[in-house]
Every structure is written in C-alpha cells, then in structure tokens.
Protein chains: 2
Amino acid sequence: MSLMNNLSTSMISSSSSAFLAPTSFNARTRSVSVPLKSLNIVKCVSTPQEQQTAYKTKVSRNANIAKLQAGYLFPEVARRRAAHLLKYPNAQVISLGIGDTTEPIPDVITSAMAKKSHALSTLEGYSGYGAEQGEKAVRAALASTFYGNLGIEEDDIFVSDGAKCDISRLQVVFGSNVTMAVQDPSYPAYVDSSVIMGQTGQFQKDVEKYANIEYMRCTPENGFFPDLSTVARTDIIFFCSPNNPTGAAATREQLTQLVQFAKDNGSIIVYDSAYALYMSDENPRSIFEIPGAKEVAIETASFSKYAGFTGVRLGWTVVPKQLLFSDGFPVAKDFNRIVCTCFNGASNISQAGGLACLSPEGLQAMQEVIGFYKENTKIIVETFNSLGFKVYGGQNAPYVWVHFPGRNSWDVFSEILEKTHIVTTPGSGFGPGGEGFIRVSAFGHRENVLEACRRFKQLYN
Amino acid sequence: MSLMNNLSTSMISSSSSAFLAPTSFNARTRSVSVPLKSLNIVKCVSTPQEQQTAYKTKVSRNANIAKLQAGYLFPEVARRRAAHLLKYPNAQVISLGIGDTTEPIPDVITSAMAKKSHALSTLEGYSGYGAEQGEKAVRAALASTFYGNLGIEEDDIFVSDGAKCDISRLQVVFGSNVTMAVQDPSYPAYVDSSVIMGQTGQFQKDVEKYANIEYMRCTPENGFFPDLSTVARTDIIFFCSPNNPTGAAATREQLTQLVQFAKDNGSIIVYDSAYALYMSDENPRSIFEIPGAKEVAIETASFSKYAGFTGVRLGWTVVPKQLLFSDGFPVAKDFNRIVCTCFNGASNISQAGGLACLSPEGLQAMQEVIGFYKENTKIIVETFNSLGFKVYGGQNAPYVWVHFPGRNSWDVFSEILEKTHIVTTPGSGFGPGGEGFIRVSAFGHRENVLEACRRFKQLYN
C-alpha cells in the first residue's frame, strides 16, 4: 500500500471518529477503504503529519462546537450512502433516508417562479433587497391561509429560507444562558443547535445525552407524548408535531397540556409543524389552535414537504407579539433584529413560488403532492405490518417508525443498506430514545417505494 | 388626541430610543407623528400599558442582544425613508441609501433561472435537498473564475445565500470567546453580529464604541488603511476591501502588511470582497493573491452587486483547508458543520443563476451591469467635487464617501432628506470613524442619479 493510500485510509478512520453514536456502530459492516478525495463529502480533514508542521493560528476552537459528537445526521447518512455506492458501483440504491422530496413541483408553482425570474430582467419587474421578514403579500397569504381565525397577524409571520435555518436563528435569539427540552427522539437540529450555542454540557457517553438538556422520552408506551409530570422545567421546549421521526401527532388534549405546562413554568415552546398538512386525524394543525398559546409559543413551518421546496428553500416562523421575555420585552422584536442582522430575506423567486403555493390552484396542487406521499406511506406501513414488525407513524406524517426491539439502529441501518441497497435513517440518530428503531421515509417515486418494499419482504420474510 | 393616537405617538418615541447614534440625532428634524401600523416597518413594540398586565414567560432576554444600541442600520434608514414619505406623500424620493441594486438582471442569467424553475416541474429536472455547501458545478465555476491560479480548490468554497448570512455563520463558528477588530468605519454586520455572539462588552456612549472591540480607524489621513502598529492583537480581523462605506481599496502592499500582521498575531482575517469587481485600480481582487493568506484568511463574497442578486440571494465564502485553529483543527471543518446544521444550502434556482453568471456570456453581462453603476459613481463624484466637497471612494467601489467636516452625519442625512428628498446613509452608522461623512450609493437608475445630482447642486451650491 502506497503512502497515499495509507494517508487516505487514516483520513477515513479519523473522520469515523466523528460518527453518530460511535460506540454503538458495528465496525465490521463498514470495511470500506477508499481514497477520501473520491468520496467528495467529508472534507478538510488534515492528516496528523500535516498538522504537526503546518502553521496554526492562535485562535482557539469554539469549545461548544467541539462538544458535538457527530457529523450532522443527514450528511452522515449521505456519506454512508456514497461509500456504499463506491463499494457497489452497480447497485440500484433506493433512498428512503434523509426525507428528500422526489416528485416534481406542480407547474402552477414553477410557472410563477419562472415568471418572476423573467420579470427580474425588466425595469418594472426587477426587485432588489426585500424586507428581511419577507414580502408583505407572502406574509398576508400565510396569515390568512394557515392562521385565519387564530389571531395571528401578518406581522407576526417571518418568511425564511426554511425551518432549519429559523431554528438556528431562534437559538441565536435565546443565546447561551437558557435551558432546553426536546422530545427524545426528535429532529437533530434542535439539540445540535443548542450545543453549538453553548446551552448544554458535554456529551455523556454512558447515556448518549448531552448534559443540561431535558430529554422528554417519547415511546410506544406513552403514545409518543412525554409524561410531563416527570419533565423538569426548562426555558425552551422544542416540540415537533407531527413528529419527525416517530410520525406521532399530538392531540388537542395533549397540546393543551403542553401549553399549560409551558405556562406554569414560564417556558417558551418552539413548535415545529413542518408536517402539519400530512395529518389524517383531526389534531390541531397549529399550536395556535390552543387557547393561550400565543403567550408561550413560536411556530416554525416550511414549504419543503408540501410543495417539494427542499431545494427551492422557503419556510416561515410565527412569533406572536404576545410572547414576552421575563422583563416584558417582546421576543418578536429580538427575532426581528436577528433576522435583519443575520439574514437578508428568502430569495424573491422562492417567495413568488410561495405565493403561488397559497393560491387556490397552488393549495390544491400541494394537496395532491401530499396525497401521493401519503399513499407511499400506506404501502410502507402495510409492508412492515405484513412482515410482523411493530410500526408507528405513517398516519399523520410521511415517516414510518419501525421497531427492531433489542437491536442497534446503526446495525439495522447497515444490514438494510448492505443487503437491500436501501438507505433508511437509524433511529438513534434522533436521540437515545430512537435506539432500536429505523425511520423509513415515504418520499420516493412510486416504483422505488414498491421495489423497496419487495426488497424489505425478501430480507425480512 | 385620541387614546389610539397617544399610544401611537408613544410607540414612535419608544422606538426612537433605539436609533443609531441616538445622542447625536437632531430631534427637531423628525417631528413626524404617524400611527405606527401604517409605517409597517418597526413592529412588535409593546406599549408600557400592555406590558404591565400581560403574561410574561420566565425566560430571560439574551443579554448580548440587549447590548445592541440601535436597529440594524439599513432597516433604520428604510424606516426613516418611510416616515419621510408619510410626511411628504407626493415627494419624489430618490434612494441612494441602502445600496440596493436597481438595474434589471441580464437576460442570460434570468433565463437560466426560469429554465431551472420549469425543470423543477419535470421528473428529470427536479432536485430536492442539495449539498449544504452548494452544487459542485457552482463551486467549481467559482474556483476557476475567481481563484484559478491561487490554489483555492472547489471544496474550499461554500456557496451561500449571501455574504451577510455567512458573516453570521462565521461568528457562530468563532463563538463568544474570541476578540475582534474592525475597520472604523465599516459595514455594520461585523460589529452587530459580534455583539450578538457575546464577543463584546457594553456600548460606551462617550466614545460610541462597544467595549472589547478593536476599532481600526480608517481616515483620509491614513489613506483609509489602519496604522497596524497601533492596533492591538485580536483573534478575528474583519476587513472589507473595497471598503463599504469609504470605497477605499487596499493595495497589494497594504494587504501584504495585513497578512503579515495576522500571521504575527495568529489572527484570522475575515476578508469581505463583495465589491472586488468594481475596482479600477490594479489592487488584488482576492486576499488569496497575497502569499501565505490561505493560512490566516477567510474570504466572503457575493453576486448581489455584480448581477443585481440582492433579492435573488447568492454568495460564497472561501475557507481554505490550510486555515487551522490553535489546536490544529481545520476551521473549514467547523464551518462545514455549522453550514450543515444551521443552513440548508442556497436556493437551487439562485444557484442556477449563479452558474449562468459564471458563463462567458454571464461574466460579460455582469461587467456591463458593473460598468453602468461605475458611470453613476463618476457622475456623483464629479458633482460633489464641483461643489467643493472633499470626496473619497468611487474609483474602486460603488460608494462615494463625502466629507462634511465638523457636522453630525445624521444631521446631514436629515438635511439632505428633508430638503432634497434624497436618501443617503449617515457615515456614523458605520462606526464613530464615519462621523462627519455621508455615504452616497451609486446604485440607481441613471435619470434618478442625474436628478439627485441636480438637487445636490441646488442644495449645496
């Protein structure tokens, strides 16, 4: 083996030390040894040799970022997918992993974006900097479409480039001196952004949790709604419903409990409703359907999974003017300051698309996209049911949460990838409460979902 | 006066306490009393009455954000413009203020974005989540176009939704335990994002500076390049060249000094080159033209002022893999983690536009846009020269920096707005070193620039 190969191999292992749940990963399943360059995903890994001789600045690395145990979950899944493709270049890999939409955007929406693009070439149609908070027309349409009778006004709504980005901006607003709670399992951006901002302690390997975060365990036994009587008071409560990854949607009664819990504790709920339109049950679509929520809650949402805007980038966050810090200062005013200072508004073309989404034809078209993915969900649920697995989610969300009792999530992820060439997401990537589960995303072309289900049946029959 | 009017008036004054440089603002010129709602810019200001009785959470306001003395400069300028329009509804206001582009985007670029929009409606052309770091083709085109022979590689470049957004993400990477230096005056996002991250002390009203920031004074006397022998060592040095607002571009010799200064101190330079293509002189377009810069510098740039992308949103940041923290850890690896966790990539439509910008036709078209604004600059420079003002900038940047010795910037801003209906930007909004100056932006339709110059001549002849 040449020196170059040696270096490359050491680079791969050095990056593997940053894996999610490194202690629980079964190393035998990933004996992939490939030059790092060709992976083209993990980057900027200096070899020890380079670091010894290289010039270093005197700037200390941010200790909070150093606490992070892992690459962000979804790039890590993508990295493993890429490594698998290198090992099996001819494999027909099917991705039901990172929750990426696959179906074309309805023409009524893309036509509006194309029209806006062309208009930018004309004197009349050109626009430069928009309001950082979003165009008035988009804010108004969001208010009337989603919050019509809920007392949320146009100026409570901040249009953005997506919910994940807004979560980070909210964390910047909160700063390092707050405590936070999350559902366990949950979408990893909440915890990771909290670590980055310095709200947490070190990662504790024995429990696979960061110190100073309140993990609200959500299990089949509690119907994926935490037992609030056992939850410690925190400043911020991240709550995602319908939940990513479990697919569970909180009922009106549960959300009423949650709002009361926040009110009793003086906490702020950051409510992620990115999958609200996937609900089949009659649960609230917005936290603001719960009386009093405007005094304790922020809501963040997105066009990503409704209109296939994962690449176009458009979301929004509602910060009601009634929500106040302990000194009476409106949270919205600080969020507005952060949005104005750290962001410059969503693309005007994306906003034109958002406006088209909210037209009667656009709303109809989004419902059809959502309906298609819901059919996928049904197929996946039925497949795993027929194989005797306990399956959760699916009814109110585009995610199916499959239980592999007693097994390690990354092992199951690797088994499925190795034997069926299907990419899923390991449950433990969403928190220790996800251990023993696999999240199967329903985002995929129909033929791929059907083929994936055939392969699942071959593997587990 | 009704209660409502009373409330509205008190709301205006309460927001005025958050003005930039509040101590130096001449209150007589802004006796505007209008209902806040109709301003539609300042929002979420609770009245004292509301705050007394309203429910408050127990979450403390972020003390760092509370340090901010003012609304972010440009929304504040926009707010004053709106107030002026309410006072003079029929005034023909000309904006040479916030630096917003006005000319249509060349068709070769918008056509590519329209084509991408339409393609998103097709199975073959649809794309969802892209790499958070940007599309490979865009990164490659940026590397070859701007850094062809400078040793910057495709994977050193992170595509983003704009330089301002990247500055904030860089600040998140650095965290709260670094010290920073800025040119004084400079683009306010550097200082504000530093305050927000907790890198600074309180604002000191007597000197109009935040404690714990090193302000590097840039004046006509030192050719707008700081005397580095008097600058204290900091971890981070923000440096913008061509400078916003002074328009000064650092020479090769000066930048060589700067890189050596950083190297001697173990500092990291964040070099903002958003106006590089506006340079007429033979100064470096990139900090990476200076030998050794890759070990001490990050560069951030943008399509905003080249292609009129202020609303489309597309920029990039170069973090060379050679740049290391004191422990040898690559800065790029932490920036990559933040980009993946706090951001989801620029819009795929904007990226299609960026790729078109970097085609031979696109580059030619951008040069024409830039050339047009440079002609505007020349007209403005000649006007103020003819009026006997000392004028700086203009030669290498789309900003003209006009000296009003001994006068207060906000007073001059108000005088010009009140008497000519022209919006400029007060120099002191860029730091205490900008006091006594006005920044006049060259972004405008030709007839507006000509008309503005006629009005300047009427006012100051």
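Since the structure is predicted, the reported quantities are computational estimates derived from the model, not experimental observations. (Residues numbered from 1 in each chain as written. Chains lettered and ligands numbered in written order. Predicted model: local features only at pLDDT ≥ 70, side-chain atom pairs only at ≥ 80, totals over all residues. Heavy atoms only, no water.)

S.K.: How should the UniProt feature "domain: Aminotransferase class I/classII large" (unreviewed entry) in chain A be read in this particular structure?
M.R.: According to UniProt, the "domain: Aminotransferase class I/classII large" (unreviewed entry) feature falls on residues 92-456 of chain A. Summarising residues 92-456 of chain A: 37% helix, 16% strand, and an end-to-end C-alpha distance of 14 Å. (UniProt positions renumbered as here; feature names shortened; annotations may be inferred. Helix = DSSP H or I, 4+ residues; strand = E, 2+ residues; numbered from the N terminus.)

S.K.: Where do I start with the sheet that holds strand β11 (residues 391-393) of chain A in this structure?
M.R.: Sheet strands associate in pairs through backbone hydrogen bonding, adopting either a parallel or an antiparallel arrangement. Residue and element names in this part refer to chain A. Strand order in this open sheet of four strands is β11-β12-β15-β14, and the pairing throughout is antiparallel. Each edge of the sheet is formed by a strand with only one pairing partner; in this case those strands are β11 and β14 (425-426). Against the sheet, helix α15 (residues 409-420) touches β14 and β15 (437-441), its axis set at about 45 degrees to β15. (Pairing = 2+ DSSP bridges. Contact = heavy atoms within 4.5 Å. Axes fitted to C-alpha atoms, helices over the stretch in contact; angles between N-to-C directions.)

S.K.: Mind showing me how you'd approach the sheet that holds strand β8 (residues 268-272) of chain B here?
M.R.: Residue and element names in this part refer to chain B. In spatial order, the strands read β2-β10-β9-β8-β7-β3-β6; together these seven strands make up an open sheet with mixed pairing. The strands lining the two open edges of the sheet, one partner per strand, are β2 (157-160) and β6 (213-217). On average, adjacent strands in this sheet sit at an angle of 20 degrees to one another, irrespective of strand direction. In this sheet, β8 lies alongside strand β7 (residues 236-240) in parallel orientation, the contact comprising five bridges.

S.K.: Before we go on, may I ask you to explain the relation of the copies chain B and chain A in this structure?
M.R.: Two copies of the chain are present, and they differ by a rotation about an axis and a shift along that axis. Overlaying chain B on chain A yields an RMSD of 0.0 Å, the required transformation being a rotation through 180 degrees with an accompanying axial translation of 0.0 Å. Such values leave the two copies arranged in the relation of a two-fold axis. Closest approach to the rotation axis among the C-alpha atoms of chain B is made by Ala114 of chain B, whose C-alpha sits 2.0 Å away. Both copies share a contact surface, since 100% of the interface residues of chain B are interface residues in chain A too. (Least-squares fit on C-alpha atoms with pLDDT ≥ 70 in both.)

S.K.: Help me understand the environment of Phe261 of chain A in this model?
M.R.: Residue and element names in this part refer to chain A. Tracing the backbone shows Phe261 in helix α10 (residues 252-265). Given a relative accessible area of 13%, Phe261 falls into the buried group. Spatially, the C-alpha atom of Phe261 lies 40 Å from that of Ile416, the residues being 155 residues apart in sequence. Setting aside its immediate chain neighbours within four residues, Phe261 contacts Leu228, Val231, Ala232 and Ile237. (Buried < 20%, exposed > 50% of the residue type's maximum accessible area, 1.4 Å probe, protein only.)

S.K.: I tried to follow the packing of helix α6 (residues 107-119) of chain A against helix α13 (residues 348-357) of chain A on my own but got confused; where do I start?
M.R.: A pair of packed helices is captured by two measures, namely the crossing angle of their axes and the spacing between those axes. Residue and element names in this part refer to chain A. Packing of α6 against α13 leaves a shortest axis separation of 8 Å and a crossing angle of 145 degrees. The two elements α6 and α13 cross, and the hand of that crossing is right-handed. Of the residues in α13, those touching α6 at Val108, Ile109, Ala112, Met113, Lys116 and Ser117 are Asn348, Ile349, Ser350, Ala352, Gly353, Ala356 and Cys357. Grouping the constituent residues of the contact of α6 with α13 by class yields eight nonpolar, four polar and one charged. (Left-handed = near helix turned anticlockwise from the far one by under 90°. Nonpolar A, V, L, I, M, F, W, Y, C, P; charged D, E, K, R; others polar.)

S.K.: Looking at this structure, I do not really get the side chain of Asp334 of chain A. What am I missing?
M.R.: By the secondary structure assignment, Asp334 of chain A is in helix α12 (residues 331-342). For Asp334 of chain A, a relative accessible area of 2% translates into the label buried. The residues touching Asp334 of chain A, leaving out its near neighbours within four places in the chain, are Val173, Phe325 and Phe329 of chain A together with Arg61 and Ile65 of chain B.

S.K.: Can you walk me through the confidence of the model for chain A in this structure?
M.R.: On average, chain A scores 90 in pLDDT, and the residues at 70 or more come to 89%. Under the prediction, the complex receives an ipTM of 0.89, its pTM being 0.90. (pLDDT = per-residue confidence, 0-100.)

S.K.: Which parts of the structure should I look at to understand helix α16 (residues 446-460) of chain A?
M.R.: Within an α-helix, residues lying three or four positions from one another point in the same direction, as the helix has 3.6 residues per turn. Counted at 1.5 Å a residue, the expected span for α16 of chain A with its 15 residues is 21 Å, and the 21 Å between its end C-alpha atoms agrees. The elements touched by buried residues of α16 of chain A are β1 (94-95), α14 (360-386), α15, β13 (422-423) and β15 of chain A. (Expected span 1.5 Å × (residues − 1).)

S.K.: What's the story with the pattern of salt bridges in this structure? I'm lost.
M.R.: A side chain of one charge can pair with a side chain of the opposite charge if their charged atoms are brought near each other. One pass over the structure, following the stated rule, counts 42 salt bridges over all chains. Its salt-bridge partner being Arg337 of chain A, residue Asp192 of chain B comes within 3.2 Å of it at the nearest N-O pair. Here Asp192 of chain B, found in helix α9 (residues 189-196), pairs with Arg337 of chain A, found in helix α12, and the two come from separate chains. In this pair, the class of Asp192 of chain B matches that of Arg337 of chain A, namely buried. A salt bridge links Glu451 of chain A to Arg454 of chain A, with the nearest nitrogen and oxygen atoms 3.1 Å apart. Remark: Arg454 of chain A and Glu451 of chain A occur in helix α16; sequence separation between them is three residues, near one turn of the helix. The structure contains a network of salt bridges with shared partners spanning Glu153, Asp155, Asp156 and Lys321 of chain A. (Salt bridge = Lys/Arg side-chain N within 4 Å of Asp/Glu carboxyl O.)

S.K.: Is there a simple way to think about the packing of aromatic side chains in this case?
M.R.: The relative placement of two aromatic rings is captured by the distance of their centres and the angle of their planes. Counting across every chain of the model gives 58 aromatic pairs over all chains. Ring plane angle 80 degrees and centroid distance 5.5 Å describe the contact between Tyr187 of chain A and Tyr190 of chain A, whose orientation is recorded as edge-to-face. Here Tyr187 of chain A matches Tyr190 of chain A in class, with each residue buried. Between Tyr399 of chain A and Phe443 of chain A, the ring centres sit 6.0 Å apart and the planes meet at 80 degrees, which makes this aromatic pair edge-to-face. Placement of the pair is Tyr399 of chain A in strand β12 (residues 399-403) and Phe443 of chain A in the loop between β15 and α16, with a sequence separation of 44 residues. Phe443 of chain A sits in the buried class, given a relative accessible area of 0%. Following the ring pairs from residue to residue traces out a cluster consisting of Tyr275, Tyr278, Tyr306, Phe372, Tyr373, Tyr399 and Phe443 of chain A. Note that Lys263 of chain A overlies the ring of Tyr55 of chain B, its terminal NZ or CZ placed 5.3 Å from the centroid. A cation over a ring is seen here: Arg139 of chain B above Phe158 of chain B, with NZ or CZ 5.7 Å from the ring centre. (Phe/Tyr/Trp six-rings, centres within 6.5 Å; stacked < 30°, edge-to-face > 60°. Lys NZ or Arg CZ within 6 Å of the ring centre and 35° of its normal.)

S.K.: For this particular structure, what's the right way to read the interface of chain B and chain A?
M.R.: Of the residues lining the interface, 112 residues belong to chain B; the matching set on chain A comes to 112 residues. Roughly 9000 Å² of surface becomes buried between chain B and chain A when both sides are summed, with 57% attributable to carbon and sulfur atoms. Our count for the contact surface shared by chain B and chain A stands at six salt bridges. With a shortest N-O distance of 4.0 Å, Glu132 of chain A and Lys164 of chain B are connected by a salt bridge. Counting across the chain B and chain A interface gives 44 residue pairs in polar contact (both at pLDDT 80 or more). Of all the secondary-structure elements, those providing two or more residues to the side of chain B that touches chain A are α6 (107-119), α7 (136-147), α8 (163-174), α9, α10 (252-265), α12 (331-342) and α13 (348-357) of chain B. At nine residues, the largest contribution of residues to the side of chain B that touches chain A is made by α12 of chain B. Among the residues forming the side of chain B that touches chain A, the class breakdown is 46 nonpolar, 38 polar and 28 charged. (Buried area = accessible area lost by both parts, 1.4 Å probe. Polar contact = N/O pair within 3.5 Å; in protein donor to acceptor, adjacent residues only side chain to side chain.)

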